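# Fold and contact review
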Amino acid sequence: MSASLSPTRTQFIAGKQVSSNGTEEIPVYDPATGEIISTFQGADAADVEMAVAAARDSFDKRIWRDLPPIERAARMTAMADLIASHADDFAELEISDNGMTMSMARATVTSCANSLRYFAGTIQKIHGESTDLSGGGRQLMAYTMREAVGVVAAITPWNAPLGVLVNKMAPALAAGCSIIGKPAEQTPLSSILLSQLLAESQLFPDGVISILNGHGHIAGAALAAHDDVDKITFTGSTEVGKKLVVASAHNLKRVTLELGGKSPLFIFDDAPLEHAIQGAAMAIFANSGQVCFAGSRLYIQRGIYDAVIEGVAKIGDAMKLGNGRDPSTQLGPLVRQEQLDRVLKYIEYGISDGAELISGGMREGDKGYFVRPAVFANRERNKIRIAEEEIFGPIVTAMPFDGLDELEALANDTPYGLGSGVFTSSNSTAHKAARLIRAGNVWINCYGILDKAIPFGGFKQSGWGREFGLEGLSPFLETKAVYNML
Ligand code: NAD
């Protein structure tokens, strides 16, 4: 099978690839060239109705959740193998519509397979509890059961299209749910290949997995408002996350949210400098800064401030920008013209708000959406837009700090709380910092490492709930208590 750039049946409903009922054509751009490489018909309200009906039917008839756990685990493992055996095709499609580098695209495919394997391994470990009861003179026994939450809608962003989608499917399937994916409209291609593989393999009963490709304000909003959807799991902007909370209020859907960030990274003057500089650069430049936990606020202990800025700028200046298909490319383009415009606008804000542009920040080439990574010095730590707002691009704002006493106030002076980093050679400093930072993830002498066994998520306006680890399974389960008078 080869990867298809001109799909016609872009929706996956009730086990079949079908065309949308919608009439709106959505273009897909290759971010490396700016050319339209595909168009597809976005899902509309009628497609949502059909997908929800199929998901509801499969869930209510208990078709998937009543299969023996070992059988469900085997099918999820088979799905992992299926994805892994099409790694080249998936990587090609991720590069085509997202612009990511080859190494990231391949890592994404591995991550998807790992996610399915990890959660397949949890299925036989889902269990309730029983305990002695006080009873008030009655002889009682009770136990708890953990049951699938129901029909889940997974609404996902463009910055890691396949990865985020499959990371949500895996725990939902493990729990016994039926799931409807709604990938970002900018990046549908990998999900269409996934639909094709699922349709051909028939690994899952019809309706257990559906995928709707279409606009957020149409298909996403219809899913969020639908009374037969029991849960929303969302990764995307804080702004849309808040809309989903409101839309979910009608039937009190369960909601988990992985949202934005403005993550701080601290370099202490006792840190191994070269390692810290490299870590700080990749914390913000990887995937051209289009990473929710990108280390966009860089705090450098005053004595090493200029040396670190110079080092990070040097790395940004030397990075090879290019098409992700070229294995020597270190940085791909931004995803879309809108994202390029947004990043260039923030470069202007940085300059007009008084920060010093040390390096980068200009568009590269006249084709595609490339921008040279930018380093700003904000020596006075002014509360300017580039230091406070999520940009989702390769722009880092470097600010001095004087030591551990300042860290808590600086780190937490943000509505977000997703990622954070600390570079130091002192264990004591590192672990004190880890306690003081209000964020879901603290990386010490490293940045951005994720593992399926460790929960990931955000404090404050960076989200609700966690993904990965056993904690990542819980949002897809309800607990039922059963009492029995003896
Ligand atoms: P976005 O919020 O614009 O879109 C995300 C998804 O929501 C898309 O599928 C979109 O179609 C859909 N959507 C948009 N409006 C909707 C509506 N009214 N109702 C229902 N669905 C709607 O985000 P994006 O621009 O695709 O991605 C960038 C954002 O995602 C950044 O803020 C980034 O920080 C965040 N993000 C967070 C994580 C995390 O794990 N915390 C990971 C990746 C990205």
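Above this text you will find the structure in question.
The paragraphs below set out a description of the structure included in this document. (Residues numbered from 1 in each chain as written. Predicted model: local features only at pLDDT ≥ 70, side-chain atom pairs only at ≥ 80, totals over all residues. Heavy atoms only, no water.)

### A look at the nonpolar core
Counted only if it meets this: By nonpolar core is meant a set of buried Ala, Val, Leu, Ile, Met, Phe, Trp, Tyr and Cys residues that side-chain atoms within 4.5 Å join together. Burial classes follow relative accessibility: with a 1.4 Å probe on protein chains only, a residue under 20% of its type's maximum area counts as buried, one over 50% as exposed, and anything between as partly exposed. Helix numbering and strand numbering both begin at the N terminus, where a helix is a DSSP run of H or I of at least 4 residues and a strand a DSSP run of E of at least 2. Contact between two residues is taken to exist if any of their heavy atoms lie within 4.5 Å; hydrogens are not considered.
In terms of nonpolar packing, the biggest core is built from 72 residues, with Met76, Met79, Leu173, Leu194, Phe204 and Ile209 touching the most fellow members. Among the elements that take part in this core, helix H5 (residues 161–175) stands out by supplying nine residues, more than any other. Residue contacts for methionine 76: discarding those within four places in its chain leaves Trp64, Leu116, Phe119, Ala120, Ile123, Ala170, Leu173, Ala174 and Phe204. Of all hydrophobic cores here, the second largest spans 38 residues; its members include Cys292, Ile315, Trp443 and Phe456.

### Here we look at the site of the ligand
Threshold: One heavy atom suffices: a residue is near a molecule or strand as soon as one of its heavy atoms comes within 4 Å of it. In protein, a polar contact requires one atom able to donate a hydrogen and another able to accept it; more generally it is a pair of N or O atoms within 3.5 Å, and residues adjacent in sequence count only if both atoms are side-chain atoms. With residues, only the protein chains shown are counted as cover, and all accessible areas are computed by Shrake-Rupley using a 1.4 Å probe. Ten residues, namely Ala, Val, Leu, Ile, Met, Phe, Trp, Tyr, Cys and Pro, are considered nonpolar, four, namely Asp, Glu, Lys and Arg, are considered charged, and the remaining ones, Gly among them, are considered polar.
In the vicinity of the ligand lie 27 residues, with Thr156, Glu185, Ser237, Leu259 and Glu390 positioned nearest. Within the side chain of lysine 182, an N or O atom sits 2.7 Å from an oxygen atom of the ligand. Note that an oxygen atom of the ligand is positioned 2.6 Å from one of the side-chain N or O atoms of serine 237. In the complex, 88% of the free accessible area of the ligand, which totals 850 Å², lies under the protein chains. Secondary-structure elements contributing two or more residues to the shell around the ligand are helix H7 (216–225), strand E9 (231–235) and helix H8 (238–248). Here the residues of the shell around the ligand sort into 14 nonpolar, eight polar and five charged.

### Things to note about a nonpolar patch on the surface
Basically, it comes down to this: Note that patches include only residues with greater than 30% relative accessible area and no salt bridge, and the join distances are 9 Å for like charges and 5 Å for nonpolar side chains (Val, Leu, Ile, Met, Phe, Trp, Tyr). We count a salt bridge whenever a side-chain nitrogen from Lys or Arg sits within 4 Å of a carboxyl oxygen from Asp or Glu.
On the surface, a nonpolar cluster with roughly 360 Å² of combined accessible area is contributed by Met141, Tyr143, Met145 and Leu486. Tracing the backbone through its elements, the reader meets methionine 145 in strand E5 (residues 140–148).

### Points about the pattern of salt bridges
Enumeration according to the criterion identifies 22 salt bridges in this entry. Its salt-bridge partner being glutamate 356, residue arginine 379 comes within 3.2 Å of it at the nearest N-O pair. With arginine 379 in the loop between strand E16 (374–377) and helix H12 (385–388) and glutamate 356 in strand E13 (residues 356–359), this pair connects stretches of sequence that are 23 residues apart. On the basis of relative accessibility, which here comes to 35%, the residue arginine 379 falls in the partly exposed class. On the basis of relative accessibility, which here comes to 39%, the residue glutamate 356 falls in the partly exposed class. For lysine 383, the salt bridge goes to glutamate 388, with nearest N and O atoms at 3.5 Å. Lysine 383 gets classed as exposed once you look at its relative accessible area, which sits at 57%.

### Regarding the packing of aromatic side chains
The criterion, for reference: Any two rings among Phe, Tyr and Trp, with Trp reduced to its six-membered ring, count as a pair given centres within 6.5 Å; such a pair is stacked if its planes are under 30 degrees apart, edge-to-face if over 60, and tilted if neither. By the criterion adopted, a ring carries a charge over it if an Arg CZ or a Lys NZ lies within 6 Å of its centre and within 35 degrees of its normal.
The full count for this structure, using the stated rule, is twelve aromatic pairs. Where phenylalanine 266 meets phenylalanine 401, the ring centres are 5.3 Å apart and the plane angle is 80°; that geometry is what we call edge-to-face. Of the two residues, phenylalanine 266 sits in strand E11 (residues 264–267) while phenylalanine 401 sits in strand E17 (residues 395–401), which places them 135 residues apart along the sequence. Look at phenylalanine 401 and you get buried, because its relative accessible area is 0%. Between the aromatic rings of phenylalanine 293 and tyrosine 447, the centroid separation amounts to 6.5 Å while the plane-to-plane angle is 50°, which identifies the pairing as tilted. Of this pair, phenylalanine 293 sits in the loop between helix H9 (273–285) and strand E12 (297–301) while tyrosine 447 sits in the loop between strand E19 (443–444) and strand E20 (456–457), placing them 154 residues apart in sequence. Grouping aromatic residues by their ring pairs yields a cluster made of Phe293, Trp443, Tyr447, Phe456 and Phe468. One Lys or Arg, lysine 231, reaches over the ring of phenylalanine 476 and ends 5.2 Å from the middle of that ring. Its end group placed over the ring of tyrosine 349, arginine 385 keeps NZ or CZ at 3.7 Å from the ring centre.

### With respect to helix H4 (residues 102–120)
Basically, it comes down to this: One less than the residue count of a helix, multiplied by 1.5 Å, gives the span that helix is expected to have.
The end-to-end C-alpha distance of H4 is 27 Å, a good match for the 27 Å that 19 residues give at a rise of 1.5 Å each. For H4, the elements touching its buried residues are helix H2 (69–85), helix H3 (87–98) and H5.

### Describing the sheet that holds E12
The line we're drawing: Strand pairing is assigned whenever DSSP identifies at least 2 bridges connecting the two strands. Axes, fitted as lines to C-alpha atoms, cover a helix only where it is in contact. Angles between the N-to-C directions of the axes lie from 0 to 180 degrees.
The seven strands are arranged E13-E16-E17-E12-E11-E18-E19 in an open sheet whose pairing can be described as mixed. Every other strand in the sheet has two partners, leaving E13 and E19 as the edge strands with one partner each. With three bridges connecting them, E11 and strand E18 (residues 421–423) associate as parallel partners. By the bridge assignment, leucine 265 is partnered in E18 with glycine 421. Lying over the sheet, helix H10 (residues 305–318) contacts E11, E12, E13, E16 and E17, oriented at roughly 140° with respect to E12.

### A few points about H10
Its 14 residues place the ends of H10 20 Å apart at the C-alpha level, agreeing with the 20 Å of an ideal helix rising 1.5 Å per residue. Taken residue by residue, H10 has Tyr305, Val308, Ile309, Gly311, Val312, Ala313, Ile315 and Gly316 as its buried positions. The inward-facing, buried residues of H10 contact E11, H9, E12, E13, E16 and E17.

### Focus on unusual backbone geometry
One non-glycine residue with positive phi stands out, namely arginine 62, at about 60°. Note on arginine 62: relative accessible area 38%, which makes it partly exposed. The backbone of arginine 381 sits at a positive phi, close to 55°, despite the residue not being glycine. By the element assignment, arginine 381 lies in the loop between E16 and H12.

### Details of the packing of H2 against H5
Under the convention used in this document: Note that the term roughly parallel is reserved for angles under 35 degrees, roughly antiparallel for angles over 145, roughly perpendicular for angles of 65 to 115, and oblique for everything else. Handedness of a helix crossing follows the sense of rotation of the near helix relative to the far helix, less than a right angle counterclockwise being left-handed and clockwise being right-handed.
At a closest axis distance of 10 Å, the pairing of H2 and H5 adopts a crossing angle of 160°. Considering their axes alone, H2 and H5 lie roughly antiparallel with respect to each other. As for how H2 packs across H5, the hand of that crossing is right-handed. Contacts between H2 and H5 involve Arg72, Met76, Met79 and Ile83 from the former and Val166, Met169, Ala170, Leu173, Ala174 and Ala175 from the latter.

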